[in-house]
Amino acid sequence: MESPGKKVFARRIRTANPASLPPLATRVQCTTPRRGRQQSAAATSGRSSTNQDMPPFRTLALTIALCATTTALAQPPAPSSGQRYNRLLIRNAMVIDGTGNPVRGPIDILVEGSTIRSIRMSRATEFSGTQVGGDTASRADRVIDATGMYVMPGIIDMHAHIQFSRAGKSMPKDYVYKLLLGHGVTTIREPGSGEGLDTMVAHARLSSENRISAPAIVPYATAGANTPAEARALVRSIKQKGGQGLKVFVNRTDVWEALSEEAKAQGLPIATDMKIQEHDVLDAARFGIRTIEHWYGVPDAAIVGPQDFPADYNYEDELDRFRWAGDLWRQADSARLSAVIDTMIAAGITWNPTFAIYEANRDLRRSQTQPWFADYLHPALRENFEPDPARHGSYFFDWTTADEVRWRNNYRIWMRWVREFAARGGNVTVGSDAGFIYQLYGFTTIREMELHQEAGFHPLEVIRNATFNGAKALGLSNTGVIRPGYEADLAIVDGNPLHNMKFLYAGGMTVHENGQAVQRGGVKYTVKDGIVFDAQQLLADVRAMIQSANTGGGVAPD
Ligand SMILES: [Zn+2]
């Protein structure tokens with residue numbers, strides 16, 4: 001189904017040793033004319049410029065390369081707080097390997113550079129023999145004691161929009177990245193950013209070189225065209241700019257065909273949501289798409305005749321669109337749906353359902369009052385969520401009890417078919433689509449996992465959907481599993497997510513221990529490509545950003 005061994009750009013470029021990167025000061029200089037600064041330094045010191053004042057050639061070359069990257073971005077995110085080690089030892093961990101296997105532990109995980117080198121029992125047992133960790137601790141240059149913690153593969157969010165502004169107002173550039181990393185997300189597929197493909201490709205590179213605190217980014221580009229020729233040219237230009245895939249919105253068969261043919265020739269996978277249009281998921285199967293986003297096009301393929309909307313329905317009115325979309329699963333014919341699901345599986349389509357992004361439709365008040373908004377919701381995003389007919393996803397005018405009931409029923413049928421799709425061998429993944437409809441980055445990824453559990457997936461399967469299955473869908477053959485030789489993409493969690501997915505949320509949960517109410521949970525460390533991030537520090541950084549924004553500090557507009 002996938003082409004193994006084909007690694008994406010974000011994973012290919014990797015700097016072996018972060019110490020070889022130029023210091024931050026060098027980067028700051030990039031924003032000011034270098035010659036001017038050098039001249040004034042020489043003038044104040046009263047010395048003539050000598051070779052000693054010049055940076056060594058290698059540093060200079062790096063600096064020029066970096067400046068070329070950063071000047072393309074008006075205001076880059078803050079420098080990375082993560083560090084990679086020659087030998088990192090994670091001791092006494094309970095391990096959820098991501099494939100659906102049961103938990104094992106306590107285990108010592110040895111990471112060398114960016115790669116998991118060995119996985120061994122922490123204590124000698126009758127079976128472990130010479131496999132016990134032994135003296136590895138003394139040779140490690142960083143040891144994390146994970147006693148009482150659970151280690152799972154880093155989460156792959158298959159639908160993570162990167163946004164630097166909402167409602168026309170800027171947010172700090174590392175706000176979204178830190179919320180994701182702080183929740184154990186180590187890889188994202190960016191499904192077409194409003195910030196532009198060039199910026200996303202540049203950030204993918206900065207992330208892979210540990211210059212910013214961000215998950216590994218697989219940048220897709222939004223692709224829409226009016227003619228077949230336009231479609232082919234667009235696909236080629238996306239490939240040339242470094243795009244790793246396409247998010248396609250097209251409503252014409254000839255354009256779809258040209259686009260998918262050219263995408264195949266260029267080796268770019270296609271993600272699509274079929275919206276409510278003349279094509280459905282059966283066409284998607286014919287076009288050879290890789291992933292179906294959300295669910296549009298699935299029930300549609302099983303409805304006899306057109307969708308049964310009220311006579312005064314207008315697709316361009318988002319309230320109409322989202323209100324009545326909630327009825328499509330009820331309208332679908334079960335026998336036909338069963339055949340549609342089989343066709344999707346036979347075509348190798350991954351289903352990325354994004355349950356959480358529609359949750360306000362079934363429980364508006366719950367979504368509007370999520371407990372983490374106080375500390376983590378940026379005022380620009382808060383404003384974006386307010387009902388406004390001019391904005392995407394802000395359609396809650398006169399949202400009724402009847403609407404919520406329709407959507408609850410919709411979810412029941414939808415979830416049953418996603419579960420059935422997986423039971424028949426289909427690949428299901430976790431994607432959040434946060435940044436719209438009261439859904440906050442990072443938190444929504446975890447909420448999505450809770451909703452997979454609600455859909456009937458065992459918690460081990462939920463974690464597999466969020467890790468191993470995402471890697472499969474992206475064609476990443478060496479992440480998403482905790483296994484020697486794989487990239488060290490890990491979430492170290494203070495609690496057992498199989499017992500309670502809520503342990504993955506920032507702030508965790510209150511539990512009862514030894515007669516005391518104590519707070520447990522949260523991701524303690526996120527390890528991306530062997531780079532260790534203090535997840536709790538990243539979340540503290542975000543809280544500081546929000547505090548500053550709420551008290552008027554904010555960020556300068558771009
Ligand atoms: Zn989206």
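Residues numbered from 1 in each chain as written. Predicted model: local features only at pLDDT ≥ 70, side-chain atom pairs only at ≥ 80, totals over all residues.

Caption draft 1: Local environment of the overall build of the chain. Within the chain, the regular secondary structure consists of 22 helices and 21 strands. Put simply, the chain has 558 residues, and 46% of those count as buried. Partitioning the contacts of the chain with sequence separation of at least 6, the portion at a separation of at least 24 is 74%. (Helix = DSSP H or I, 4+ residues; strand = E, 2+ residues; numbered from the N terminus. Buried ≥ 20, exposed ≤ 12 C-beta atoms within 10 Å, placed from the backbone. Contact = placed C-beta atoms within 7 Å.)

Caption draft 2: Quick peek at helix α9 (residues 253-266). Taking 1.5 Å as the rise per residue, α9 with 14 residues should run 20 Å; its terminal C-alpha atoms sit 20 Å apart, in good agreement. The positive-phi residue at the C-terminal boundary of α9 is Gly267, with phi of around 70°. (Expected span 1.5 Å × (residues − 1).)

Caption draft 3: Broad picture of the packing of helix α19 (residues 443-454) against helix α20 (residues 459-466). Between α19 and α20, whose axes approach to 9 Å, the crossing angle comes to 135°. The angle between α19 and α20 places the two elements in the oblique class. The crossing of α19 and α20 is right-handed. Facing α19, whose interface residues are Met449, His452 and Gln453, α20 presents Pro459, Val462, Asn465 and Ala466. Broken down by class, the residue content of the contact of α19 with α20 amounts to four nonpolar, three polar and no charged. (Axes fitted to C-alpha atoms, helices over the stretch in contact; angles between N-to-C directions. Parallel < 35°, antiparallel > 145°, perpendicular 65-115°, else oblique. Left-handed = near helix turned anticlockwise from the far one by under 90°. Nonpolar A, V, L, I, M, F, W, Y, C, P; charged D, E, K, R; others polar.)

Caption draft 4: Up close: the pairing of strand β2 (residues 87-95). Two strands pair when backbone bridges link them, and β2 and strand β3 (residues 104-112) are joined in this way by six bridges, in the antiparallel orientation. Bridge pairing in β3 links Leu89 to Leu110. Summarising the sheet, β2 and strand β5 (residues 142-145) pair through four bridges and their orientation is parallel. Of the residues in β5, the one forming a bridge with Leu89 is Val143. Relative to strand β6 (residues 150-153), β2 runs parallel, the two sharing two bridges. Paired with Val95 across the bridge in β6 is Val151. (Pairing = 2+ DSSP bridges.)

Caption draft 5: Looking closely at unusual backbone geometry. Of note, the bond from Gly105 into Pro106 is cis; its omega dihedral lies within 30 degrees of zero at -5°. Among the structural elements, Pro106 can be located in strand β3. Within the chain, Tyr438 stands out as a residue other than glycine whose phi angle is a positive 65°. Mapped onto the fold, Tyr438 is located in the loop between β16 (427-428) and α19. At Asn514, a residue that is not glycine, the phi angle is positive and equals roughly 50°.

Caption draft 6: Expanded view of the pairing of strand β10 (residues 185-191). Counted residue by residue, β10 has seven buried out of seven residues, so it is predominantly covered. Note: β10 against strand β11 (residues 216-223), five bridges, orientation parallel. Across the sheet, the residue bridging to Arg189 is Val218, located in β11.

Caption draft 7: Looking closely at the confidence of the model for the chain. With 83% of its residues at a pLDDT of 70 or more, the chain has an overall mean of 86. Between residues 1-73, whose pLDDT stays under 50, and residues either more than four places distant or in other chains, the model counts 70 contacts. (pLDDT = per-residue confidence, 0-100.)

Caption draft 8: Summary view of the environment of Gly521. Within the secondary structure, Gly521 sits in the loop between β19 (516-520) and β20 (523-528). The sequence separation of Gly521 and Asp494 amounts to 27 residues, and the corresponding C-alpha distance is 4.4 Å. Beyond its immediate chain neighbours, meaning those up to four positions away, Gly521 contacts Asp494, Gly495, Lys502, Phe503, Tyr505, Gly508 and Met509.

Caption draft 9: Local environment of the packing of helix α8 (residues 228-241) against α9. Across the interface, α8 lies against α9 with an axial gap of 8 Å and an inter-helix angle of 30°. By the criterion of interaxial angle, the relationship of α8 to α9 is roughly parallel. For the crossing formed where α8 meets α9, the hand is right-handed. Between α8, through Pro228, Ala231, Arg232, Val235, Arg236 and Lys239, and α9, the contact on the second element is made entirely by Asp254, Val255, Ala258, Leu259, Glu262, Ala263 and Gln266. For the contact of α8 with α9, the class distribution of residues is seven nonpolar, one polar and five charged.

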